[in-house]
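Breakdown of the fold
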Amino acid sequence: MKGFARREFQLVLLRRMADYQPDLVAEAARSLGASRTEMREVNARWQRMVRSPGFAHGRARLAAVLGPPDEVEERMLAGIVCQLERWPLSLWPDLRYETLTAPDGTILQEWLVRAEGVPVPPLKDVDDLVPWSCVVGDLDRCFDGVRHQAGEVPSRWHATFTVPDGRPGGRPAGAEGEAKGRPVYVAHFVWGLLQTVTGV
């Protein structure tokens, strides 16, 4: 679409994150040279486009905005060959925007993931889980007993997990530890990127 590319798409992603981290979003928008007014205008335009009957849908929509993906691979899902595609975004150089699409081009999942070969940050306790420090997959790699739940809107994701109790550097306790009264937390993600952690 004319005048709508990766820069504008990142502003769309930021809009949902502003509900959790307005200061980080404002700083990121400034790094893209965008004012609050432009950010609102870009999001309003995006909403008009996605609701337009003549606008491309699914995979075709993202390809029109982001261009050809940098990485493509096949993934089997329930016996169906689906496609994973990833694009780099300037705001998060260590991450990629990833989509999982069905054979008909319908997007089944879309979020930010860690780029291949980029090490996962050291995540040993809840204090290490600062906003924008990790993606959903990082939590799974560093903590045991993670339970996932889709959010109230497609861009949001929640994960419940436990942490060690008095064992620095240890791994989380999972369901067994939870039964023993160890701390339980919920990590809140937007487009796959950590926004905040709350206690249960």
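One can find the structure itself at the top, above this paragraph.
First, a word on what this report is: a plain description of the structure on this page. What you are looking at is a predicted structure, and each value in this text was computed from that prediction instead of being measured.

Some details on the sheet that holds strand β6 (residues 156–162)
Sheet strands pair by backbone hydrogen bonding; their relative direction is either parallel or antiparallel. Taken in spatial order, the 4 strands make up an open sheet running β5-β6-β7-β8, and their pairing is antiparallel. Of all strands in the sheet, those bounded by a partner on one side alone are β5 (147–150) and β8 (193–199). Sheet twist, expressed as the mean angle between neighbouring strand axes with direction ignored, is 25 degrees. One ladder, built from 7 bridges, connects β6 with strand β7 (residues 184–190); its direction is antiparallel. Counterpart to Ala159 in the pairing with β7 is Ala187.

Comments concerning the nonpolar core
Leu14, Met17, Trp92, Tyr97 and Leu112 are the most contacted members of the largest nonpolar core, which totals 32 residues. At the level of secondary structure, the elements contributing two or more residues to this core comprise α1 (6–17), α2 (22–31), α3 (36–51), α4 (58–66) and β3 (95–101). Here this core gets 6 residues from one element, more than from any other, and that element is α1. Formed by 18 residues, the second largest nonpolar core is a distinct cluster that contains Cys142, Phe143, Val146 and Trp157.

Observations regarding the pattern of salt bridges
Under the counting rule described, the total for this entry stands at 14 salt bridges. Put simply, Arg86 and Glu71 hold a salt bridge, and the shortest N to O gap is 3.2 Å. Placement of the pair is Arg86 in strand β2 (residues 80–88) and Glu71 in strand β1 (residues 71–77), with a sequence separation of 15 residues. Taking relative accessible area as the criterion, Glu71 reaches 26% and is therefore assigned partly exposed. A salt bridge links Arg141 to Asp138; its shortest N-O distance comes to 3.0 Å. Of the two residues, Arg141 and Asp138 both sit in helix α5 (residues 136–142), 3 residues apart, roughly one turn of that helix. Look at the salt bridges and you will find they share partners, linking Glu71, Glu73, Arg75, Arg86, Arg96 and Glu98 into a network.

Some points on the state of the cysteines
Within the structure shown, the criterion is met by 0 disulfides. Take Cys134: it sits in no disulfide, and the sulfur closest to it among the cysteines is that of Cys142, at 7.8 Å.

Things to note about α3
End to end, α3 covers 23 Å across 16 residues, agreeing with the expected 22 Å (1.5 Å per residue, within 8%). Regarding α3, the residues found buried are Met39, Val42, Asn43, Trp46, Met49 and Val50. Looking straight down α3, one finds that the buried residues subtend no more than 125 degrees of arc, so they occupy a single side. Set apart from the buried face of α3 by more than 90 degrees, the exposed residues are Arg40, Arg48 and Arg51.

What to know about the packing of aromatic side chains
Any two aromatic rings considered together are summarised by their centre-to-centre distance and by the angle between their planes. The tally for this structure, following the rule as stated, stands at 8 aromatic pairs. Ring geometry for Phe143 against Phe161: centres 5.2 Å apart, planes inclined by 55 degrees, an arrangement best described as tilted. Here the residue Phe143 occupies a position in the loop between α5 and β5, and Phe161 occupies one in strand β6, the gap between them amounting to 18 residues. Side by side, Phe143 and Phe161 carry an identical accessibility label, which is buried. A connected cluster of aromatic rings, assembled from ring pairs, spans Phe4, Phe9, Trp46, Tyr97 and Trp191.

Notes on the sheet that holds β3
Strands sit in the order β1-β2-β3-β4 across an open sheet of 4 strands; the sheet is antiparallel. Edge positions in the sheet fall to β1 and β4 (107–114), since each of these pairs with one other strand and no more. Ignoring strand direction, the axes of neighbouring strands in this sheet form an average angle of 25 degrees. As paired elements, β2 and β3 share 6 bridges and run antiparallel to each other. Following the sheet pairing, Leu84 is matched in β3 by Leu100.

Thoughts on the pairing of β4
Two faces make up the sheet, and in a regular strand the side chains alternate between them. Strand direction decides the pairing type here: β3 and β4, joined by 7 bridges, are antiparallel. Paired with Arg96 across the strands is Val113, a residue of β4. Here β3 hands over to β4 after 5 residues, with Gly105 in that stretch at a positive phi of 95 degrees.

So, how was this worked out
- Residues numbered from 1 in each chain as written.
- Predicted model: local features only at pLDDT ≥ 70, side-chain atom pairs only at ≥ 80, totals over all residues.
- Heavy atoms only, no water.
- Pairing = 2+ DSSP bridges.
- Helix = DSSP H or I, 4+ residues; strand = E, 2+ residues; numbered from the N terminus.
- Axes fitted to C-alpha atoms, helices over the stretch in contact; angles between N-to-C directions.
- Core = buried A, V, L, I, M, F, W, Y, C linked by side-chain atoms within 4.5 Å.
- Buried < 20%, exposed > 50% of the residue type's maximum accessible area, 1.4 Å probe, protein only.
- Salt bridge = Lys/Arg side-chain N within 4 Å of Asp/Glu carboxyl O.
- Disulfide = S-S within 2.5 Å.
- Expected span 1.5 Å × (residues − 1).
- Arc of directions from axis to C-beta.
- Phe/Tyr/Trp six-rings, centres within 6.5 Å; stacked < 30°, edge-to-face > 60°.

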